[in-house]
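Coordinate analysis (summary)
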Amino acid sequence: MEKKKLAHVAIIMDGNGRWAKSKHLPRVMGHHAGVRAVERTVRAAKDLDIPYISLYAFSTENWKRPKGEVLGLMGLFRYYMNSKLNELCREKTRMRFAGDLAALPEDIRQILRRAEEKTEQYEERQLIICLNYGGRKEIIDAINKITAQNPQSPVTEEMLRENLYLPDVPDPDLIIRTSGELRLSNFWLWQSSYSEYYFTDKYWPDFNKEDLEEAVKDYYERERRYGKA
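Rules and cut-offs
- Residues numbered from 1 in each chain as written.
- Predicted model: local features only at pLDDT ≥ 70, side-chain atom pairs only at ≥ 80, totals over all residues.
- Heavy atoms only, no water.
- UniProt positions renumbered as here; feature names shortened; annotations may be inferred.
- Pairing = 2+ DSSP bridges.
- Helix = DSSP H or I, 4+ residues; strand = E, 2+ residues; numbered from the N terminus.
- Axes fitted to C-alpha atoms, helices over the stretch in contact; angles between N-to-C directions.
- Contact = heavy atoms within 4.5 Å.
- Buried < 20%, exposed > 50% of the residue type's maximum accessible area, 1.4 Å probe, protein only.
- Phe/Tyr/Trp six-rings, centres within 6.5 Å; stacked < 30°, edge-to-face > 60°.
- Polar contact = N/O pair within 3.5 Å; in protein donor to acceptor, adjacent residues only side chain to side chain.
- Patch = residues over 30% accessible without salt bridge, like charges linked within 9 Å, V, L, I, M, F, W, Y side chains within 5 Å.
- Areas by Shrake-Rupley, 256 points an atom, 1.4 Å probe, with all protein chains shown as cover.
- Salt bridge = Lys/Arg side-chain N within 4 Å of Asp/Glu carboxyl O.

As annotated in an unreviewed UniProt entry, the chain carries the name Isoprenyl transferase and is attributed to Cloacibacillus evryensis. Note on the chain: under the UniProt heading Function (unreviewed entry), the record states "Catalyzes the condensation of isopentenyl diphosphate (IPP) with allylic pyrophosphates generating different type of terpenoids."

In structure tokens form, the structure reads like this:
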């Protein structure tokens, strides 16, 4: 059994709205509780010596949600990045973002650039937030970029990899999805070809360090064959 070190854990943070509904709270309160779960998970990843953690925060499809909810989410991004950046610096965690960032409000883009610039010197740990992210769009964007530069050349796997949003980030070893849903929802489609998957019925706001430890334990008990017999 291959015991390759777990380098990258990706999480589809699902269930904020249903968590709030189960407690008779507005949906936005579920998102606030989800932010606290992010903080717990980032600390837990550090304790477990996981160098890369990526979080699916806002998909290209999430714009279809009610306007009030979208505005609330954008406000949360502003708050979180402005209030937690110094803490991430103290923890020597590099912040990075994946997605079609050009479609985000200008003030949020400035906040994201500031976070990336202020933390770019840190190398041990990376926190990757996927904002306005869609796996299909990432692949299409990569192909369009390649064909614009090399219109006569066939697209190779290596070329596509080099033109993804974050080509230097290793593929996820483990993808976790909360809330009991059993699908990828357009997340890391290219990168997840050989990822292991872990599903939990817990809503994201209830996810804690013990849940992450259980997912990691489950991962290490599996045999990764990468297509081999």
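Having seen the model, we can carry on.
1. A short note on the sheet that holds strand S4 (residues 125–133)
The strand order S3-S4-S2-S1-S5-S6 describes an open sheet built from 6 strands, whose pairing is parallel. Edge positions in the sheet fall to strand S3 (93–98) and strand S6 (196–199), since each has one partner strand and no second. Across this sheet, the average inter-strand angle for adjacent strands is 20°, counted without regard to direction. Two elements, strand S5 (residues 174–177) and S6, share 4 bridges in a ladder whose sense is parallel. Residue pairing across strands places leucine 174 opposite glutamate 196, the latter belonging to S6. Across the sheet, helix H3 (residues 67–90) lies against strand S2 (52–59), S3 and S4, angled at about 155° from S2, the strand it touches most.

2. Some points on the pairing of S3
Counting buried positions over the 6 residues of S3 gives 5, a clear majority of the element. With 6 bridges connecting them, S3 and S4 associate as parallel partners. What sits directly across from phenylalanine 97, in S4, is isoleucine 129.

3. Quick word on the packing of aromatic side chains
Both the distance between ring centres and the angle between the ring planes are used here to describe each pair of aromatic rings. Enumeration according to the criterion identifies 11 aromatic pairs in this entry. Considering the side-chain rings of tyrosine 56 and tyrosine 133, the 6.0 Å spacing of their centres and the 80° angle between planes classify their relative orientation as edge-to-face. Pair noted here: tyrosine 56 is in strand S2 and tyrosine 133 is in strand S4, with a separation of 77 residues, a long-range link. Ring pairs connect the aromatic residues Tyr56, Tyr133, Tyr165, Phe187 and Trp188, which therefore count as one cluster.

4. Points about unusual backbone geometry
Of note, the phi angle at serine 179 is positive, near 80°, even though the residue is not glycine. Mapped onto the elements, serine 179 comes out in the loop between S5 and S6. Serine 179 gets classed as buried once you look at its relative accessible area, which sits at 8%. Backbone geometry at asparagine 186 places phi at a positive 70°, although glycine is not the residue there. Here asparagine 186 is to be found in the loop between S5 and S6.

5. Thoughts on the UniProt feature "active site" (unreviewed entry) in the chain
Mapped onto the present numbering, the UniProt feature "active site" (unreviewed entry) falls at Asp14 and Asn62. For this annotated set, covering 49 residues, all C-alpha atoms fall within 12.2 Å of each other, a compact arrangement in space. With respect to the helices and strands, aspartate 14 occurs in the loop between strand S1 (8–12) and helix H1 (16–22). Not counting residues up to four positions away in its chain, the partners in contact with aspartate 14 are Arg177, Thr178, Ser179, Glu181, Tyr203 and Trp204. Mapped onto the elements of the fold, asparagine 62 is located in the loop between S2 and H3. For asparagine 62, a relative accessible area of 13% puts it in the buried group. Contact partners of asparagine 62, with chain neighbours within four places excluded, come to Ala57 and Val70. One polar contact links the side chain of asparagine 62 to the main-chain amide nitrogen of serine 59, over a distance of 2.8 Å.

6. Some thoughts on a nonpolar patch on the surface
Together, Leu25, Val28 and Met29 give the surface a local cluster of nonpolar side chains, amounting to about 220 Å² of exposed area. Residue placement: methionine 29 occurs in helix H2 (residues 27–47).

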